[in-house]
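# An overview of the molecular structure
Chain by chain, the residues run as shown.
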Amino acid sequence: MGELCKQFLAAIKAGVPLISIETPDQPAAYATLAKMLAKELTGDKARACIGWDIAHGFRVIDEEGADRVASLHVVQETNKGNIDATIGKPGYALTKLAEVPPGTVCFIFNSQRFICTGEGADPISIQATCNLRDKLKANPGRRHLVLLGPGHDLPPELSGDTLQLDEPLPDDERLGMIVDDVAKAIEGLDVDDELRGEATDALRGIPAFQAEQLVSINIKRDDSDQLYINTDGLWSSKRKQISATRGLGIVKPEQTFDQIGGCSAVKEYFTELFNGPHPPTAVVWLDEIEKTGLNATNDTSGVNQDQLGTLLTHREDSKAFGCALAGPPGVAKSAMCKALAAEFNRLVIRLDLGEMLGSLVGESQQALRAALRVINAVAGENALWVVTSNTLHGLDDALKSRLPDIWFFSLPDGNTRKAIQNIWLAEYGLPKNSFAKVDTKGWAGRNIQRCCMRAWRTGKKVAECAKNVIPVAKASRNEIAELRHEATDTYLCAENGGIYGAVDGSEAEGRTIDV
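Below: a short report on this structure. These figures come from a predicted structure and were not determined experimentally.

It is worth spelling out the overall build of the chain at this point. Scanning the chain from N- to C-terminus turns up 21 helices and 17 strands. The 515 residues of the chain split such that 50% are buried. A fraction of 75% describes how many contacts in the chain between residues 6 or more apart in sequence connect residues 24 or more apart. Carbon and sulfur atoms provide 48% of the accessible area of the chain, an area that totals close to 24900 Å².

Below is the structure:
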């Protein structure tokens, strides 16, 4: 939170009246910021902090704020005593803030629930906040409104007048301190540098409060009754936490490259990346990008344009590396992404933009920004972004330019099909020569897998099941022709390497398609 504290302190010193802060832990954020202000600003520059939430109304954050809260309480006598009349009335509470004395900082919790765009927006709260801008900064000034929330989509009336800050998830140093703090509180738990590093790796991308809880519940005893931190348990909890983030999922590490036939060049490409001097710390997988809104940025809602702009900005700021895997259905593009998890022992995070779409204006943008915050914390500036698609035609040029390596997966040739057959025959326990009399020209790997699965389920021979297989080359004849035209002299060949279609002026050897 160090950078946020610096930015916030500078804003307070400059007299900025309206500030919004996106934070995954609002109570911790306000406690840290209030403590920092008490330390940094004293005497006639001191600030007193108060807070408001929809359930409690106004409340004291520090001792100097007590009189200020009391002066703001509009109470009504009931048989239960005094009740803050601003409870449940954010607009009313915001109008009262015009009365706060100089030197007051008021934190509004979960402000994204009513100061937003679209459904849920409270016009009274929005107008009251607009009214506060000039009143708070007017002489003698030194009064500030701070909007807290996990994500903000400020209405246009406020977005230009509000300083928008963002609290990143804790870095490795902060996570290490959390591990040490928990260890100090438990007698008999010793944490050396190696264990601290392992725990930090497992906690990366988790908010501070949750990280503390996860460490605490994963303290176990071994067979000799010694206390230790169960890092496997931390990783398991982390996967669940990331998957709980809307639009994010974790690929289970199961399949390796040995279980994928062909694709020799792209396997070598990934192996060089992950075994090189600067290997990726995690993989972000954006699947079937042609089916997302990024391929339809002319929609009238503005959601798709915002998603594209947010992704482009994130890619530029994070300096992450990216590549694309394109080709017809069933040629191992997705399987290749999944295999990265087990092959290189990396976290593969699947980013689903469709799942982030919401009915409320601004909901989709908030979900994407929250997901990117998690990705950035988990992988930092060393994530590998992998885009898979049946076609990149129509994709925004700015996004394609950030994918310097585009690999084309064509239909497998005879030798590759045989390798794929052997993999799936072994997987389903079928005879090795089951495809001996089957013509598999034009088949994709998925055709072979499904044929074997059908034989395993029905007890029939593979040759009999093959009669009901429609090769991808026939089912998607026109689409494949367009894909080949799109890829020729433009994309890299996933099987043989080099430029696709550049061998002897034709398609790369071994990748012809029989229709």
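What follows continues from the structure just given.
Despite not being glycine, Asn110 shows a phi value in the positive range, around 50°. Within the fold, Asn110 resides in the loop between β6 (104–108) and α5 (123–137). On the basis of relative accessible area, Asn110 is assigned to the partly exposed category, the value being 34%. One non-glycine residue, Ala332, lies in positive phi territory at about 85°.

At a minimum axis distance of 9 Å, the contact between helix α7 (residues 172–184) and helix α8 (residues 193–203) shows a crossing angle of 120°. Both α7 and α8 take part in a crossing whose hand is right-handed. Facing Asp172, Leu175, Gly176, Val179 and Asp180 of α7, the residues of α8 in contact are Arg196, Ala199, Thr200 and Leu203. In terms of residue class, the contact of α7 with α8 is built from four nonpolar, two polar and three charged.

Turning to the sheet that holds strand β3 (residues 57–60), a few remarks are in order. Strand order in the open sheet formed by six strands is β3-β2-β6-β7-β1-β8, and the pairing between neighbours is mixed. Looking at which strands have only one partner, the edges of the open sheet turn out to be β3 and β8 (163–166). Averaged over all pairs of adjacent strands, the angle between their axes in this sheet comes to 25°, without regard to strand direction. Pairing between strand β1 (residues 18–22) and strand β7 (residues 144–149): five bridges, direction parallel. Note on β7: the bridge partner recorded for Glu22 is Gly149. This element, α5, spans β1 and β7 of the sheet and lies at about 140° to β7.

This paragraph deals with the sheet that holds strand β12 (residues 282–286). An order of β11-β14-β12-β15-β13-β16-β17 is seen for the seven strands of this open sheet, with the pairing classed as mixed. Since the sheet does not close on itself, it has two edges, and those belong to β11 (248–250) and β17 (492–493), each with one partner. Together, β12, β13 (321–326), β15 (383–389), β16 (405–408) and β17 form the strand contacts of helix α11 (residues 264–274), whose direction differs from that of β13 by roughly 165°. Sitting on the sheet, helix α13 (residues 333–343) touches β12, β13, β14 (347–351) and β15, and the angle it makes with β15 is about 160°.

This part is about the nonpolar core. Inside soluble globular proteins, nonpolar side chains tend to come together where they are buried. Ile242, Leu248, Leu351, Trp385 and Leu392 are the most contacted members of the largest nonpolar core, which totals 42 residues. At nine residues, helix α15 (residues 363–379) tops the list of elements feeding residues into this core. Non-local contacts of Leu392, meaning those with residues more than four positions away in its chain, are made with Ile289, Ala324, Ala326, Lys400, Ile406, Glu486 and Tyr491. Val266, Leu325, Cys337 and Phe344 belong to the second-largest nonpolar core, a separate cluster that totals 33 residues.

Analysis parameters
Residues numbered from 1 in each chain as written. Predicted model: local features only at pLDDT ≥ 70, side-chain atom pairs only at ≥ 80, totals over all residues. Heavy atoms only, no water. Helix = DSSP H or I, 4+ residues; strand = E, 2+ residues; numbered from the N terminus. Buried < 20%, exposed > 50% of the residue type's maximum accessible area, 1.4 Å probe, protein only. Contact = heavy atoms within 4.5 Å. Areas by Shrake-Rupley, 256 points an atom, 1.4 Å probe, with all protein chains shown as cover. Axes fitted to C-alpha atoms, helices over the stretch in contact; angles between N-to-C directions. Left-handed = near helix turned anticlockwise from the far one by under 90°. Nonpolar A, V, L, I, M, F, W, Y, C, P; charged D, E, K, R; others polar. Pairing = 2+ DSSP bridges. Core = buried A, V, L, I, M, F, W, Y, C linked by side-chain atoms within 4.5 Å.

Shape descriptors only; they carry no functional weight alone.
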